[in-house]
Amino acid sequence: MKFVFLAIAFGASLLVSAQQKTPVYLDVTKPIEERVENALSQMTIEEKVSLCHAQSKFSSKGVPRLGIPEVWTDDGPHGIREEVFWDEWDGAHWTNDSCTAFPALTCLAATFNPELSLLYGKSIGEEARYRNKTVLLGPGVNIYRTPLNGRNFEYLGEDPFLSSQMVVPYIQGVQSMGVAACVKHFALNNQEEWRGHINVNVSDRALYEIYLPAFKAAVQEGKVWAIMGSYNQLRGEHCCHNDLLLNKILKNEWKFDGVVISDWGGVHSTDQAVKNGLDLEMGTYTNGLTSKGTFPYSEYYLANPFLKGIKEGKYDVALLNDKVRRILRIIFRTTMSSNRPFGRFVSPEHSEVARKIAEEGIVLLKNDKQFFPIPAGKYNKIAVIGENATRSLVIGGGSSSLKVAYEASPLQILTAKYGKEHIVYSLGYASGAAVYGREENSKLNADSLINKAFDIAKNADVVLFIGGLNKNHFQDCEGGDRHSLDLPFGQDKLIDALLKANKNTAVILASGNAVAMPWIDRVPAIVQSWYTGSEAGNALANVLSGEVNPSGKLPFSFPKKLEDNAAASFGKLAYPGDSINEYYKEDILVGYRWFDTKNIAPLFPFGYGLSYTTFAYSKPTVDMTETTAEGTVKVSFTLTNSGKTDGAETAQLYVSKPKSAVTRAAKELKAFRKVFLKAGESQTVMIDVPVNSFAYYNEGKHGWEVEPGSYTLLLGSSSRDIKGKVEVKVK
Ligand code: GLC
């Protein structure tokens, strides 16, 4: 009897275990697409719709019944934003979320070093992973069209090729840590003024040649798993549900298989959100970001209204299934992936990476009579003047603002490096607090600040003025544009006073944007030091002291005056628009494409940056003078470090088509190479340029076309410092 009982029990256990066999979607050995289909087949309509919209400020639902985790997103491109309250923008005062602040992406672009971009992505990806985020809401790649855009500091500059080259490794780095990157803001979000609705009108050529390339590279080369729709409109449709951008271009042409996430509060219609390619609606208030809405998450456009439309047969369930497949895919690629790394937070390695990027991104703009480097011991008294020597520059700026584990300030580290008996500091000028949405002014008396600084400068051997912009509203900050190219807070007046007190006054600018420099001829040295995050002080001190030889190059042009800028040359309709419509009248001539085609001399050109050493270029040669559209041109030249200091030079290769059937920019960047050379060392550099990169977008044919005929390849140390040219004929 006992035996029979045992036999039955054994049989029953087999039956039970057979029933509890791991379902396919939970089986990490199964291909993701099989897991997606299996999970989808087990979900109810309600569960499917619940995946398509926010459940809190930065999260959306999973499927608790099936053990499918929620999606947790977080800002931003430069570091992991602090935890906020469930349904608020305000920080929740956690004590375990102070992060490493990496340099702003303008600084990363200025390194012209894709290897550093991979390191950046891996490091910030590790921090996002450790904080258990599914999606990092970055990088941003909107093109620098006007110096007034409040968010230029978050992006990769004015050139689509540089932006494309630098965004791909960043994405690969983040995603190698099992966190989805979310490239943003797709697309044409090139200003903050009226960002929520301004309707951008732009030609197909400018769209495809200037504004889309970095996104296309992010999708096709970076294999990005998420993309964020932008607030503005393109040709009459909001970009968070824009048929041309999301269905035709992104999903059909580029074969994007990831998730389209709306910007927060960027959705305005259930019908369009359902049909025009949006997958996940985020935000807090359906009626926009600025006022406490009355709509609960269940009333979001892709919530109950969507569910109702499905049940009434108004919307095809296939549209719902496509959204859910994409959201399930991002979950299986991250939180439910088989080999997800474990992440790391505020590690010494991340500080090392942050400092290296900052050191390689800092740009030496002027250096008369070897003002820099200043080795320790060279001077007895160094005056450091300016608010940006001490002010925190990781806070403010909008959604990329960070609560950091530490932030080494320039004054702190310069004092450590030169010795406190050799450093004397004065504030010089003061701005107000960084308050989102409004401009605060300082209550300090500007004249007395200047007088104090004057006295300090007068008695010093040299003066280091450390100013620039900051992350206050109407400066380098989301939600508003700058109103002028000028330095704010009375800095020009202060610099004039400092120069009267001491002609050995260098200007160091922390900013993510170009500024006017009325004092430029009277200042012996100028450094563009960006927003460089937690390691700011260490990187700047290492460059100024000569421990590091600067090698940064400008990722955008500095105009002499605002009117010289392309977007500023066509009146209000071209920028900022008439509050309803805006027309990108400069078309493809953005940045140096404008300056070099219209022969307007910039203050400092795209791709420009000095070094403590000098570099000599031999004449470039090509491996063939005739090729086809499918060919690749090999350009070679010898680069020599002709100075006494080891250093790095970024050689740039621009393409020009003298006799073209269509309007073309005088030159376009199509390749670059950063070369590290010891003092006196020479290296033969080979740069491959695919001929199909010479193509222009033919609007009539709706496709790219390489014109036959001759092209000039220009080898330069900047867009305006051309060292040599070679001709190539395309059959
Ligand atoms: C903001 C920004 C976007 C950010 C998001 C969440 O409005 O436009 O870049 O990721 O909302 O903070």
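None of these values were measured; they are calculated from a predicted model. (Residues numbered from 1 in each chain as written. Predicted model: local features only at pLDDT ≥ 70, side-chain atom pairs only at ≥ 80, totals over all residues. Heavy atoms only, no water.)

## Here's the deal with the sheet that holds strand β21 (residues 647-656)
Strand pairing within a sheet occurs via backbone hydrogen bonds; the two strands may be parallel or antiparallel.
And then number 1: With mixed pairing, the 5 strands of this open sheet are ordered in space as β19-β27-β26-β21-β22. Unpaired on one side and paired on the other, β19 (626-627) and β22 (668-677) mark the two borders of the sheet.
And then number 2: The pairing of β21 with strand β26 (residues 709-718) spans 5 bridges and is antiparallel. Of the residues in β26, the one forming a bridge with Ser-656 is Thr-712. (Pairing = 2+ DSSP bridges. Helix = DSSP H or I, 4+ residues; strand = E, 2+ residues; numbered from the N terminus.)

## Here we look at the domain arrangement of the chain
And then number 1: Assigned domains of the chain: these are domain 1 (2-333), domain 2 (362-553), domain 3 (557-612) and domain 4 (613-730).
And then number 2: Here domain 3 meets domain 4 over a buried area of about 1,300 Å², counting both sides, of which 51% is carbon and sulfur.
And then number 3: Between domain 3 and domain 4 we count 3 salt bridges in total.
And then number 4: Taken together, domain 3 and domain 4 are joined by 9 residue pairs in polar contact (both at pLDDT 80 or more).
And then number 5: When its residues are assigned to classes, the side of domain 3 that touches domain 4 shows 11 nonpolar, 3 polar and 2 charged. (Domains from an automatic or database assignment. Buried area = accessible area lost by both parts, 1.4 Å probe. Salt bridge = Lys/Arg side-chain N within 4 Å of Asp/Glu carboxyl O. Polar contact = N/O pair within 3.5 Å; in protein donor to acceptor, adjacent residues only side chain to side chain. Nonpolar A, V, L, I, M, F, W, Y, C, P; charged D, E, K, R; others polar.)

## A closer look at the site of the ligand
And then number 1: Not every one of the 16 residues close to the ligand is listed here, only the nearest: Asp-75, Lys-184, His-185, Tyr-231 and Asp-263.
And then number 2: His-185 places a polar side-chain atom, nitrogen or oxygen, 2.7 Å from an oxygen atom of the ligand.
And then number 3: Between Glu-478 and the ligand, the recorded distance is 3.1 Å, taken from a side-chain N or O atom to an oxygen atom.
And then number 4: A class-by-class count of the residues in the shell around the ligand yields 7 nonpolar, 2 polar and 7 charged. (Near = heavy atom within 4 Å.)

## Some thoughts on empty space enclosed by the protein
And then number 1: What the rule picks out here adds up to 3 cavities of 30 Å³ or more.
And then number 2: Its volume calculated, the largest cavity comes out at about 230 Å³.
And then number 3: Along its surface, the largest cavity is lined by 24 residues, and Leu-393, Tyr-531, Thr-532, Gly-533 and Ala-536 are the ones closest to its centre.
And then number 4: Residues of the lining of the largest cavity, tallied by class, amount to 14 nonpolar, 7 polar and 3 charged.
And then number 5: Of the domains in this structure, domain 1 (2-333) and domain 2 (362-553) are the two that each give at least three residues to the lining of the largest cavity.
And then number 6: The space that makes up the second largest cavity amounts to roughly 50 Å³.
And then number 7: Along the walls of the second largest cavity sit Tyr-144, Arg-145, Pro-147, Glu-158, Ser-557, Pro-559, Asn-565, Val-590, Gly-591 and Phe-595, which together make up its complete lining.
And then number 8: When the residues that make up the lining of the second largest cavity are grouped by side-chain class, the tally is 5 nonpolar, 3 polar and 2 charged.
And then number 9: When we break the lining of the second largest cavity down by domain, the ones giving at least three residues each are domain 1 (2-333) and domain 3 (557-612). (1 Å grid on protein atoms, 1.4 Å probe; cavity = no way out; pocket = protein on both sides within 12 Å on 5 of 7 lines; lining within 4 Å. Points joined across faces, edges and corners; volume = space filled by probe spheres on them.)

## A word on the pattern of salt bridges
And then number 1: Counted by the stated rule, this structure contains 49 salt bridges.
And then number 2: Its salt-bridge partner being Lys-133, residue Asp-74 comes within 3.9 Å of it at the nearest N-O pair. Taken as a pair, Asp-74 in strand β2 (residues 71-74) and Lys-133 in the loop between α5 (114-130) and β3 (135-136) lie far apart in primary sequence, 59 residues in all. Like Asp-74, the residue Lys-133 is buried in the burial classification. (Buried < 20%, exposed > 50% of the residue type's maximum accessible area, 1.4 Å probe, protein only.)

## Quick word on the pairing of strand β6 (residues 226-229)
And then number 1: Of the two faces of β6, the one lined by Ala-226 and Met-228 and the one lined by Ile-227 and Gly-229 are each fully buried.
And then number 2: Relative to β6, strand β4 (residues 180-186) runs parallel, the two being bridged by 3 bridges. Looking at β6, one finds that Val-183 is bridged to Ile-227.

## What about unusual backbone geometry?
And then number 1: Note the cis peptide between Lys-184 and His-185, where omega equals -5 degrees.
And then number 2: A cis amide bond links Phe-186 with the next residue in sequence, Ala-187, at an omega value of -5 degrees.
And then number 3: Its location among the elements puts Ala-187 in the loop between β4 and β5 (199-201).
And then number 4: With a phi angle near 65 degrees, Leu-188 is a residue other than glycine that sits in the positive phi range.
And then number 5: Here Leu-188 is to be found in the loop between β4 and β5.

## Thoughts on the environment of Ile-588
And then number 1: Within the secondary structure layout, Ile-588 lies in the loop between β16 (581-583) and α18 (592-597).
And then number 2: Ile-588 sits in the buried class, given a relative accessible area of 5%.
And then number 3: Once the C-alpha coordinates of Ile-588 and Tyr-211 are considered, the two residues, 377 residues apart in sequence, prove to be 9.3 Å apart.
And then number 4: For Ile-588, the contacting residues outside a window of four places in its chain are Arg-205, Ala-206, Glu-209, Ile-210, Arg-593, Thr-663, Arg-664 and Ala-665. (Contact = heavy atoms within 4.5 Å.)

## A look at helix α2 (residues 32-42)
An α-helical segment advances 3.6 residues per turn. Residues three or four places apart therefore align on the same side.
And then number 1: Considered for burial, the residues of α2 that qualify are Arg-35, Val-36, Asn-38, Ala-39 and Leu-40.
And then number 2: In the core, the buried residues of α2 are packed alongside α3 (45-50) and α12 (317-333).

## Structural notes on helix α6 (residues 160-175)
And then number 1: Over its 16 residues, α6 extends 22 Å from the first C-alpha to the last, a length consistent with the 22 Å expected when each residue adds 1.5 Å.
And then number 2: Burial within α6 is extensive, with 13 of its 16 residues counted as buried.
And then number 3: With a side-chain oxygen lying 2.8 Å from the backbone nitrogen of Phe-161, the N-terminal cap of α6 falls on Asp-159. (Expected span 1.5 Å × (residues − 1).)

## Side note on the environment of Val-36
And then number 1: Positionally, Val-36 belongs in helix α2.
And then number 2: Using a relative accessible area of 0% as the deciding quantity, one classes Val-36 as buried.
And then number 3: Among all residues touching Val-36, those that are not within four sequence positions of it are Arg-325, Leu-328, Arg-329 and Phe-332.

## Some remarks on the sheet that holds β2
And then number 1: The 6 strands are arranged β1-β2-β3-β4-β6-β9 in an open sheet whose pairing can be described as mixed. Every other strand in the sheet has two partners, leaving β1 (59-60) and β9 (259-261) as the edge strands with one partner each.
And then number 2: Pairing between β3 and β4: 2 bridges, direction parallel. In the sheet register, Leu-136 faces β4, and the bridge partner there is Ala-181.

## Quick word on the pairing of β4
And then number 1: Burial analysis of β4 places 7 of its 7 residues in the buried class, which makes it a mostly covered element.
And then number 2: The handedness of the β3 to β4 crossover, carried by α6, is right-handed. (Right-handed = clockwise from strand over helix to strand, strands pointing away.)

## Digging into the confidence of the model for the chain
And then number 1: Taken as a whole, the chain shows an average pLDDT of 95; of its residues, 96% reach a score of 70 or greater.
And then number 2: Note on residues 287-291: pLDDT under 50 across the span, and 9 contacts to partners over four residues away in sequence or across chains. (pLDDT = per-residue confidence, 0-100.)

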